[in-house]
Amino acid sequence: CSDSAARISSHSCVAKEGTWSEAQFCCWFQICIEGNIASGKTTCLEYFAKTNNIEVLPEPVSKWRNLRGHNLLGLMYEDVSRWAITLQSYVQLTMLEQHTLPLTAPIRMMERSIYSAKYIFVENHYRSCRMPAVDYEVLSQWFQWIISNVKIQIDLIVYLQTSPEACYKRLRNRCREEEQIVPLEYLVAIHQLYEDWLINHTLFTIPAPVLVIPADHDLQKMLKRYEKNWERILSPSRGPVTCSQ
Ligand SMILES: Nc1ncnc2c1ncn2[C@@H]1O[C@H](COP(=O)(O)OP(=O)(O)O)[C@@H](O)[C@H]1O
Ligand SMILES: Nc1nc2c(ncn2[C@H]2C[C@H](O)[C@@H](COP(=O)(O)O)O2)c(=O)[nH]1
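Please read these numbers as outputs of a predicted model, since none were measured by experiment. (Residues numbered from 1 in each chain as written. Chains lettered and ligands numbered in written order. Predicted model: local features only at pLDDT ≥ 70, side-chain atom pairs only at ≥ 80, totals over all residues. Heavy atoms only, no water.)

1. Structural notes on the pattern of salt bridges
How we decide: The term salt bridge refers to a pairing of a side-chain nitrogen on Lys or Arg with a carboxyl oxygen on Asp or Glu at a separation within 4 Å. Per-residue accessibility, obtained with a 1.4 Å probe over protein chains only, is compared with the maximum for each type, and a residue is labelled buried under 20%, exposed over 50%, and partly exposed between these values.
Evaluated as defined, the whole model comprises 7 salt bridges. Between R174 and E179 there is a salt bridge, with the nearest N and O atoms lying 2.9 Å from each other. Measuring nitrogen to oxygen at the nearest pair gives 2.9 Å for the salt bridge that ties E179 to R176. Of the residues examined, R176 reaches a relative accessible area of 21% and is grouped as partly exposed. Connected through salt bridges with shared partners, the residues R174, R176 and E179 form a single ionic network.

This is how it looks when you write it as structure tokens:
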């Protein structure tokens, strides 16, 4: 499978108007779009969703906002110490479900991953002393068992490196009800954890090569960035990825 990118590209099966037959593929590429809250991940997914042969999986936020009538996301933002473990347990389950869904196209592009749920959000709850150590340990045991026993394939992480200030402005404009009480400080903390994980390499192991895309630019400029990085993103095995301006 090591030359699957060459086979894929030679068959132009991921070309924008290309076609493909399942028989041409012996393995698949899975890409996770990572970034802060309101950093532009969904917009990035929507751009690539127009490309043939890409399956896009947005974060299952709707499940977190309505689990049989319970809004776990809202509960967490209202009282993080009480509800963080409840939300994170369900986030971990729903992200695992996404990672293990049968593939329906040569390339899968997911919003975030089970890794960022643990390494970014759970870590932030714990380090900000809003999650009791016992809750953190239970979630950590579950997480370690999952990544030790379940095959989770990630071939590339695309990190949308957006400043907390830009995220805050976009979050306010988006007007998601549960997030109206989110302070800039929360986004600063999430940003620093992403930087420590994917840039400084001082947090936890990184499960795949990382392509960093600075994402503070306006929408039109970002769409041009995605066009410019199309090859790097959709053929990860073509060589080491580098930071893209
Ligand atoms: N480059 C950009 N410049 C300005 N606003 C943006 C940009 N990208 C996305 N937005 C807007 O910011 C909000 C968050 O974007 P979204 O793509 O949903 O981010 P995420 O999925 O990371 O939360 C949305 O209202 C979106 O329309
Ligand atoms: N506490 C957690 N919150 C999470 C997690 N994953 C996402 N989220 C929140 C952050 C946002 O309010 C919303 C998703 O919005 P995006 O702007 O990031 O698409 O859900 C998590 O693991 N824990």
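2. Quick notes on the UniProt feature "active site" (unreviewed entry) in the chain
Quick note on the threshold: UniProt positions are given in the numbering used here, feature names are shortened, and annotations may be inferred rather than shown by experiment. Here a helix means four or more residues in a row that DSSP labels H or I, a strand means two or more in a row labelled E, and each is numbered from the N terminus. Note on definitions: a residue-residue contact is assigned when non-hydrogen atoms from the two residues lie within 4.5 Å. Two N or O atoms count as a polar contact when they lie within 3.5 Å, although within protein this holds only if one can serve as hydrogen donor and the other as acceptor, and sequence-adjacent residues are included solely when both atoms are side-chain atoms.
The residues that UniProt annotates with the feature "active site" (unreviewed entry) are E111. Among the secondary structure elements, E111 is positioned in strand β3 (residues 107–111). Since its relative accessible area comes to 6%, E111 is described here as buried. The contact partners of E111, leaving out residues within four places of it in the chain, are I33, K41, T42, L45, L57, P58, E59 and M95. For E111, the side chain forms a polar contact with the side chain of T42, separated by 3.3 Å.

3. Looking at the site of ligand 1
Put simply, the rule reads: We call a residue near a molecule or strand whenever a single non-hydrogen atom of that residue lies within 4 Å of it. We get accessible surface area from the Shrake-Rupley algorithm with a probe of 1.4 Å; when it comes to residues, only the shown protein chains can shield them. Amino acids outside the nonpolar list (Ala, Val, Leu, Ile, Met, Phe, Trp, Tyr, Cys, Pro) and the charged list (Asp, Glu, Lys, Arg) are all regarded as polar, and Gly is one of them.
If you check the shell around ligand 1, you find 14 residues, and the closest are K41, T42, T43, R174 and H217. Taking A38, its main chain carries an N or O atom lying 3.2 Å from an oxygen atom of ligand 1. Surface burial for ligand 1 is 75%, taken as the share of its 550 Å² of free accessible area covered by protein chains. The leading source of residues in the shell around ligand 1 is helix α2 (residues 41–49), at 3 residues. When its residues are assigned to classes, the shell around ligand 1 shows 3 nonpolar, 6 polar and 5 charged.

4. Comments concerning a nonpolar patch on the surface
Keep this limit in mind: The patches described consist of residues with a relative accessible area above 30% and no salt bridge, like charges being joined within 9 Å and nonpolar side chains (Val, Leu, Ile, Met, Phe, Trp, Tyr) within 5 Å.
Taken together, V134, V138 and W142 make up a surface patch of nonpolar side chains, about 320 Å² in accessible area. Looking at where V134 falls in the secondary structure, it is placed in helix α7 (residues 133–149).

5. With respect to the site of ligand 2
As a structural note, the neighbourhood of ligand 2 is formed by 20 residues, with Y77, Q88, R112, R174 and E179 the closest of them. Separating an oxygen atom of ligand 2 from a side-chain N or O atom of Y77 is a distance of 2.7 Å. Measuring from an oxygen atom of ligand 2, one finds a side-chain N or O atom of R176 at 3.0 Å. Surface burial for ligand 2 is 99%, taken as the share of its 480 Å² of free accessible area covered by protein chains. Contributions of two or more residues to the shell around ligand 2 are made by α3 (61–65), α4 (72–78), α5 (80–99) and α6 (114–127). The class makeup of the residues in the shell around ligand 2 is 11 nonpolar, 2 polar and 7 charged.

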